[in-house]
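Listed here are the chains, written in short residue letters.
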Amino acid sequence: MSKKKSPAPKKENAKQSPKDKPAEKPKRPPRPPRTKMPEQPPDIRIKNFVEVPYGLTPEEAQLEAARCIQCKRPKCVEGCPVSVQIPEFIALIKDGHFAEAASKIKETNVLPAVCGRVCPQETQCEETCILGRRGEPVAIGYLERFCADYERLGGHIKLPKKKRPNDKKVAIVGSGPAGLTVAGDLSLLGYKLTIFEAFHKGGGVLVYGIPEFRLPKEIVETEINYLERLGVEIKYNHVIGMCKSINELLTKDGFDAVFIGVGAGLPRFLNIPGENLNGVYSANEYLTRSNLMKAYLYPTYNTPIMKGRKVTVVGGGNVAMDCARTALRLGSDKVMLVYRRAREQMPARAEEVHHAAEEGIDFRLLSNPVEIIGDDTGVVKRIKCQKYQLGEPDDSGRRRPLPIEGEYFELETDLVIIAIGNNANPLIKATTPDIETNKWGNIIVDEFGRTNKNFVYAAGDIVTGGATVISAMGGGRKAATGIHRDLMGIKDEDVQD
Amino acid sequence: MLVINGNQVPYEEGKTILEIARENDIYIPTLCAHERLPSFGACRMCMVKVHGNKGFMNACTTKVKDGMVVTTESLEIKRLRRSIFELILSEHPSSCMMCAQAEHCDKFNSGIMKAGVITGCNTCPNKETCELRKISDALNFKTIRFPMFYKHLPIERNDPFFDRDYNLCIHCGRCVRVCQDVEGASILVFTHRGHDTKVGTSFEKPHIETDCKFCGQCVDVCPTGALSARNQKWYETPDEQVSTTCLLCDKGCRFQIDVKWGRMVGMRPDPEYKTLETGICVKGRFCLPVLLNNMDRLRFPRIRRNFKLYPTNWDEAAAKVAEIFENYPPSKIALYISPFLIDEADYLFTKIASDLEITNIFRSKEDLTNINKKGIKVLYTTEGLPNLDKYKSLEKIILQEVFSADGHDFADVILPAAAFTEETGTITTNHGIMTVEKVVKAPDLALEDWKIVAKIAQELDLSGFKFIETSEIQGEMKRLGIKGKTRGVEEHYLKYRGTAIADKVPDFKILIEARKERDKLW
Amino acid sequence: MYEIVEKYEEVPNVHRLVVREPNIAAKAQPGQFAILMADEQSERVPISIVDTKDDTFTMFILELGISSAKIVNMKEGDTLEAVTGPLGMPADLGKYGRVVLGGGCYGIGAIYPLARALKELGNEVVTIIEARSDYLLYFQEELKAVSDEFFVATSDGTEGTNGHVQDVLVKLIRDGERFDHAKFIGCTYMMMNCSHITSPYRIPTKVALNTIMLDGTGMCGCCRVSVEGETKFACVDGPEFDGHHVDWDELMKRKSSYLMEEMLAYQTAPHTCKALEKAYSGDSK
């Protein structure tokens, strides 16, 4: 690596590529390539919790915005679960109206700073971007993030116009992405909203799950603050099911509707020997300690976390990547990731896998733990894995991993993090037995988030099982529509869409 | 000549029986005796038989005489000691010595519970070093005839730095003596008389309202855990102990640092360093681990990018500094050299300045007025300076610090420096040149100040900065006849580099806030 | 914010804490617990709920470690950052006949709601409590009032039997006492010993496990324990479990997970209690 590399943003890389030029419009100047997001070098960022990408400068953002061809029938909007008016906000950026661009996004997306960072754009808006057919799509995610940051750092977040208050009260259980979306949508429609959050901080998976270096918590706080300024009340430390039941919210507390957005939240384990040794964490515990309780700032924050010298993360999703990258930042010497399929089948976002690989995570693919071995003080020492190979595609279309008979290997490790997903937390079902769930405990809803119980709605991971932030937001948007229609007496069939 | 337990031992005029016995590896149990303190004869555990004398004598107070015949162990002596010990234990929790389950329970409950009030067993931070337990083992003590009487004295936790629980006190008087005889302070005294005797301050005031300097010597000599350092009592046995010199002022006190898990966990005056009669001050005894283990330490070089300071690596940071130096004429560049640098780092700064023909070298706040006078555009400072924004001529600020501090927000480059406990070198003190030892590793990418200078020099293609150890720099200084100077930092200075110690050490803040009316704050 | 209505030190290290939280006051059942945080930096500390009255509830909290130190150093009228509850399954309560209860440390207080409920259900309640020394015993009158028989053990013999709950228990059983049910709350060592004693006599035995916890809602699995070979979460499946089937060895090892970290915390955490800061900071004058 050259030690005198220039930190200057790559503005001069406006190299022209003739491929980008659409043949039918020869007069259009050649389109510059997609702007690269400047980011912290891997050798540095693995030691700090500061966000990895630096964000675009206004110049870079305008340059990127200029790449958008402003399609008449924008495909990108179709790819967005919450239908952000993408060409419109990009046009505003291009003209330098950054704050207006942010307001434009907020008309349909209450959490732009979050979505700009954690949405899998490559499989949503950017996948359908027309530029992507012949070259690289517009960096919609970067631009969304830019607007939101510009608005937040400028300190002038504008409140949108609200409808006149109606007399309806809605309870929202859980302040994760689904709950925040419902709150954002319904508060604009004039509802009185109360969010019940089990933790002492709002944001759900945004605060306890996603690490600081991917989503600074200051952003989540700003978003929640914004909702509070819209008049949403947040009651922290309320575990619905324990301190109040869903039925009590509807009867005793007089809510007209209840929205359940409690997330998945029951960690899966491998059910192999040695899983209760000291030094075996669920991803939920590891990330909650580090993110929500800020164990990486221990002892200023009092919640401790085991650091581990050689860490093994089991799983191949975004959460596994988050765990592995957190472990590096907490000072581990070596972080291995054990996953039973190959890299192509990893459910994690390509960008996350790329970042993890860049940071030096050791991928041990096509292998699966069969036993965790400890010493006599009950501390993890080694993990025994079986080798796998890929067989025929299964229902999900991914090639099925098959264990190879008799082929085992052991890894030396002192910390194991199990990141193989979550089941539905049974707390709501146990205390609201008449709510209908499927065999995995996920709540069954219709297309507008209605459960089998009148005026009870649900969305997010408690409905879909572990999925993405934006899909939870999409579900929340649908549920908000459902709630609005039901409370206002609008029949679905009367609405043309 | 002298006979102890039937063996002849050499006689030395003026010594006590206890001293002679210890020199000859003869064990006599003691509680009130302490090597740094004059004999007291309070606990009477050291009773011995001196032949020809009636009754028993205190080994700690009885001076030997030529031809003396002494017995330290006999059935009678043991019985006597057990009775005395039983009386002492009637005022100190003893379940940890007496409980039938103690051994099993210890195996099962690993580690010490960090209890607010010590009630014995695994609530006691002194458990491993408890002198009462040692004596109990030596006397094979298993039952007690008198029930333990708990005095229900209030736990004194309303002072900074140390907790006091006189329910655990056995009135050995070590703390009173160290306060009077060693420190010359007499803050701690025996109050009340007879059965109500108690150690405390006069009028039972909190220490912060007395003239107590919080030197912590009373804590260091307490054998029971009645006096304990609130921040430094739970680490049990340290992994290693390293001695070094304090750099916080010109006094040059030596202290010994307990290191555990690669962190500084405890401090005390260096017992090997006999020239210091009194202990180290409150900054050294109590503040240093809290200060230097603080989370606010600078850990990464940072450079300004997109209006924010982002972490980066040393190569990029040094290149950035070099770029700044190359883009401005030397007359517009100033160096601020902190008095808290070791001599070698100070020398390297003056060396790089002369190589670059930078003549604006500032060493005090007064020098800063030159910024406006000379229209300085670049300031490279080795400590955080307040109000840098008011110097309108400054275009670039390079801040080399241990903590994020004043001026941080305006800096273009931030360079994280190692603290003085994380580097090896020399400093010039009132006692002359003294060595500073590397006690622990600097956090993350923080580097010794002299190494930072060397890195920048390398980036500027300057020769003569390729040092591997500070001893090489010392050699060069010696060859050139350059000597370090005392830095003119007086004992009661409240900062380490640009950071107010009180900002990082809450207890210290309480102390100086409470005493801000006095001219000597502690 | 959650107001501390009442707070005082019952005996050295054991503090009675009454906090205003209407939801817990309305809903708490014997055997459940609450999670407390003194301030934003604190750990989440699980504490057994002992009693409720109007819109307040009572706990006994031991000062062990920074986060509990912060709580007990608060004063009446101060507010806690977070109080969550009630959490956990209520204790199994039924009409068993003759029931023996054992409590030590915080368990002396925590056993009280169980004794009272069992008594109300018509059981004969025999309560045994233990402490290191007589001056560490508390809540005796209250416990006596809901017990048919009441015994005390101290490790140094200053009151009652010289020994522990297990010693009293062994003696009662050897003397021919029959128990139909047993419950123990206190340090893990005591609960284990007592479970070992009741096991050969086939006395159904429940213990309330005090594992390390984080969220308290079953989300993290930090509190997992092996009971009869199966992994359970103490926060949602417990805290009460069958004492004869708990993997005690594993439990004890899991409790020592953070010893090193906890010790370091004392050094750098700005944990000086609020009272101290108020007393000596300039603005109080």
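Residues numbered from 1 in each chain as written. Chains lettered and ligands numbered in written order. Predicted model: local features only at pLDDT ≥ 70, side-chain atom pairs only at ≥ 80, totals over all residues.

Turning to the overall build of chain C, a few remarks are in order. Along its length, chain C carries ten helices and 17 strands. Relative to its length of 285 residues, chain C is compact, with a C-alpha radius of gyration of 19 Å against a globular reference of 19 Å. By principal-axis analysis of the C-alpha atoms, chain C measures approximately 65 × 40 × 40 Å. Within chain C, buried positions represent 61% of all 285 residues. Summarising the internal contacts of chain C: among those between residues at least 6 apart in sequence, 64% fall at separations of at least 24. (Helix = DSSP H or I, 4+ residues; strand = E, 2+ residues; numbered from the N terminus. Rg over C-alpha atoms; globule rule 2.2 N^0.38 Å. Buried ≥ 20, exposed ≤ 12 C-beta atoms within 10 Å, placed from the backbone. Contact = placed C-beta atoms within 7 Å.)

Another aspect to go through is the sheet that holds strand β13 (residues 181-185) of chain C. Residues and elements named next belong to chain C. Strands sit in the order β12-β11-β10-β9-β13-β14-β17 across an open sheet of seven strands; the sheet is mixed. Each end of this open sheet is capped by a strand with a single partner; those strands are β12 (161-162) and β17 (240-242). As paired elements, β13 and strand β14 (residues 205-208) share three bridges and run parallel to each other. Residue pairing for β14: Ala 182 is matched across the bridge by Thr 205. Helix-sheet contacts for helix α7 (residues 188-198) involve β9 (98-104), β10 (124-131), β13 and β14, and the interaxial angle to β13 is about 165 degrees. (Pairing = 2+ DSSP bridges. Axes fitted to C-alpha atoms, helices over the stretch in contact; angles between N-to-C directions.)

What follows concerns the domain arrangement of chain C. Residue and element names in this part refer to chain C. By the assigned domains, chain C splits into domain 1 (2-89) and domain 2 (98-255). Across the contact, 19 residues belong to domain 1 and 24 residues belong to domain 2. Every element with two or more residues in the side of domain 1 that touches domain 2 is listed here: β1 (2-11), β3 (33-37), β4 (45-48), β6 (56-62) and β8 (82-87). Taken together, the residues that form the side of domain 1 that touches domain 2 break down as twelve nonpolar, four polar and three charged. (Domains from an automatic or database assignment. Nonpolar A, V, L, I, M, F, W, Y, C, P; charged D, E, K, R; others polar.)

Residues and elements named next belong to chain A. Ordered in space as β6-β13-β7-β8-β9, the five strands form an open sheet in which the pairing is parallel. Strands at the two margins of the open sheet, each flanked by one partner only, are β6 (280-282) and β9 (362-364). The sheet shows a mean angle of 20 degrees between the axes of neighbouring strands, direction not considered. Along the sheet, helix α13 (residues 283-292) makes contact with β6 and β13 (415-418), crossing β6 at roughly 85 degrees.

Attention shifts here to the pairing of β3 of chain C. Residue and element names in this part refer to chain C. Burial runs high along β3: five of the five residues are buried. Burial along β3 is two-sided: Phe 33, Ile 35 and Met 37 and Ala 34 and Leu 36, pointing in opposite directions, are all buried. Looking at chain direction, β3 and β4 are connected through four bridges and run antiparallel. Along β4, the bridge assignment pairs Phe 33 with Ser 48. Examined bridge by bridge, β3 and β8 share four bridges and lie antiparallel to one another. Across the sheet, Ile 35 pairs through a bridge with Thr 84, a residue of β8.

Here we take up the domain arrangement of chain B. For an interface, size is often stated in terms of accessible area lost upon the parts coming together. Splitting chain B by domain gives domain 1 (2-111) and domain 2 (302-507). Just the C-alpha atoms count here: the centres of domain 1 of chain B and domain 2 of chain B sit 55 Å apart.

Residue and element names in this part refer to chain A. By the burial criterion, the buried members of helix α2 (residues 58-65) are Glu 60, Ala 61, Glu 64 and Ala 65. On an axial view of α2, the arc spanned by its buried residues comes to 135 degrees, and they lie on one face. Of the surrounding secondary structure, the elements contacted by the buried residues of α2 are α4 (86-94) and α8 (140-154). (Arc of directions from axis to C-beta.)

Take the interface of chain B and chain A next. The partner chain A presents 15 residues to the 13 residues of chain B that form the contact. Elements with a contribution of two residues or more to the side of chain B that touches chain A: β13 (302-305), β14 (308-311) and α9 (314-327) of chain B. No other element matches α9 of chain B, which puts three residues into the side of chain B that touches chain A. Taken together, the residues of the side of chain B that touches chain A break down into six nonpolar, three polar and four charged.

With that out of the way, let us pick up the interface of chain B and chain C. Taken together, the contact between chain B and chain C spans 42 residues of the former and 35 residues of the latter. Listing elements by their share of the side of chain B that touches chain C, those giving two or more residues are α3 (95-98), α4 (102-108), β12 (263-269), α8 (282-292) and α15 (506-514) of chain B.

This part is about the nonpolar core. Judged by nonpolar contacts, the single largest core of 394 residues is most densely connected at Cys 147, Phe 259, Ile 260, Val 313, Cys 323, Ala 324 and Ile 417 of chain A. Once you skip the residues sitting within four places of it in the chain, Phe 259 of chain A turns out to touch Val 170, Ile 172, Val 173, Gly 179, Val 182, Tyr 457, Ala 458, Ala 479 and Ile 483 of chain A. (Core = buried A, V, L, I, M, F, W, Y, C linked by C-beta atoms within 7 Å.)

Time to look at the packing of α4 of chain A against α8 of chain A. Residue and element names in this part refer to chain A. Axis separation between α4 and α8 bottoms out at 11 Å; the angle between their running directions is 60 degrees. Judged by the inter-axis angle, α4 sits oblique to α8. Crossing handedness for the pair α4 and α8: left-handed. For the pair α4 and α8, the contacting residues are Ile 86, Phe 89, Ile 90 and Ile 93 in the first and Ile 140, Leu 143 and Cys 147 in the second. Looking at side-chain class alone, the contact of α4 with α8 contains seven nonpolar, no polar and no charged residues. (Parallel < 35°, antiparallel > 145°, perpendicular 65-115°, else oblique. Left-handed = near helix turned anticlockwise from the far one by under 90°.)

Let's shift gears to unusual backbone geometry. Note the cis peptide between Gly 85 of chain C and Pro 86 of chain C, where omega equals -5 degrees. Mapped onto the secondary structure, Pro 86 of chain C falls in strand β8. Cis geometry marks the peptide bond from Gly 238 of chain C to Pro 239 of chain C; its omega dihedral reads 10 degrees. Following the sequence through the fold, Pro 239 of chain C ends up in the loop between β16 (230-233) and β17. A positive phi angle, near 60 degrees, is found at Glu 357 of chain B, a position not held by glycine. Looking at where Glu 357 of chain B falls in the secondary structure, it is placed in the loop between α10 (343-355) and β16 (360-362). The residue Arg 497 of chain B is not glycine, and still its phi comes out positive at about 50 degrees. Looking at the element boundaries, Arg 497 of chain B is found in the loop between β22 (495-496) and β23 (499-500).

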